[in-house]
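# What the coordinates show
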Amino acid sequence: WPSCASLLAERLEQAGAPSVRASVVRALAETGDMAVPALVAALDDTNAEVRDSAATVLGHIAGPIARTALERRLARERNRLVRESLRDALEELASP
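Residues numbered from 1 in each chain as written. Predicted model: local features only at pLDDT ≥ 70, side-chain atom pairs only at ≥ 80, totals over all residues. Heavy atoms only, no water.

## Focus: the overall build of the protein chain
Regarding its fold elements, the protein chain presents six helices and zero strands. Overall, the protein chain shows an N-to-C arrangement of helices and strands of α-α-α-α-α-α. For a compact globule of 96 residues, the expected C-alpha radius of gyration is about 12 Å, and the protein chain comes in at 12 Å, within 12% of that figure. Each principal axis of the C-alpha distribution contributes one length, and for the protein chain these read about 30 × 25 × 15 Å. Across the 96 residues in the protein chain, those meeting the buried criterion constitute 42%. Of the contacts made within the protein chain by residues no fewer than 6 positions apart, 55% connect residues no fewer than 24 positions apart. Of the accessible surface of the protein chain, which amounts to about 5500 Å², a share of 54% is contributed by carbon and sulfur atoms. (Helix = DSSP H or I, 4+ residues; strand = E, 2+ residues; numbered from the N terminus. Rg over C-alpha atoms; globule rule 2.2 N^0.38 Å. Buried < 20%, exposed > 50% of the residue type's maximum accessible area, 1.4 Å probe, protein only. Contact = heavy atoms within 4.5 Å. Areas by Shrake-Rupley, 256 points an atom, 1.4 Å probe, with all protein chains shown as cover.)

Next comes the structure, spelled out in structure tokens:
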């Protein structure tokens, strides 16, 4: 999966359309921990759909890096729906 994750991360950086970026973020979920750096970067995307997707995926990938990134984004996120996804993701990470 490492090469798949790097190919998807590259596609995420190159994709112009927000819907394509959001789809790539969702595909990154299948690569597990290898996707974390690209997903963390996606939390800062200009498009709310992409940020929302990244938050949801990071909620499924446990780890301190994901938690820290979600907490930082929540502190500055203005979009209500994305804030909800960030909270949901953090709750999911807190669940045993």
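There's more to say after this.
## Notes on the pattern of salt bridges
All told, the structure shown has six salt bridges when counted by the stated rule. Measuring nitrogen to oxygen at the nearest pair gives 2.8 Å for the salt bridge that ties Glu77 to Arg51. In this pair, Glu77 sits in the loop between helix H5 (64-76) and helix H6 (80-94) while Arg51 sits in helix H4 (residues 48-60), placing the two residues 26 residues apart along the sequence. Residue Arg80 pairs with Glu84 through a salt bridge whose shortest N-O separation is 2.9 Å. Residue Arg80 and its partner Glu84 are both found in helix H6; the two are separated by four residues, about one turn of the helix. Judged by relative accessible area, which is 33%, Glu84 ranks as partly exposed. (Salt bridge = Lys/Arg side-chain N within 4 Å of Asp/Glu carboxyl O.)

## Considering the nonpolar core
In terms of nonpolar packing, the biggest core is built from 28 residues, with Leu12, Val25, Leu28, Leu39, Leu43, Leu70 and Leu86 touching the most fellow members. Once you skip the residues sitting within four places of it in the chain, Leu86 turns out to touch Leu43, Ala55, Leu70, Arg73, Leu74 and Glu77. (Core = buried A, V, L, I, M, F, W, Y, C linked by side-chain atoms within 4.5 Å.)

## What to know about the packing of H4 against H6
At a minimum axis distance of 8 Å, the contact between H4 and H6 shows a crossing angle of 5°. The angle between the axes of H4 and H6 places the two elements in the roughly parallel class. Residues Ala48, Arg51, Asp52, Ala55, Thr56, Leu58, Gly59 and His60 of H4 form the contact with H6, whose own contacting residues are Leu81, Val82, Ser85, Leu86, Ala89, Glu92 and Leu93. Broken down by class, the residue content of the contact of H4 with H6 amounts to eight nonpolar, four polar and three charged. (Axes fitted to C-alpha atoms, helices over the stretch in contact; angles between N-to-C directions. Parallel < 35°, antiparallel > 145°, perpendicular 65-115°, else oblique. Nonpolar A, V, L, I, M, F, W, Y, C, P; charged D, E, K, R; others polar.)

## With respect to the environment of Gly32
Tracing the sequence through the fold places Gly32 in the loop between helix H2 (18-28) and helix H3 (36-42). Overall, the relative accessible area of 22% leaves Gly32 in the partly exposed class. Spatially, the C-alpha atom of Gly32 lies 16 Å from that of Glu92, the residues being 60 residues apart in sequence.

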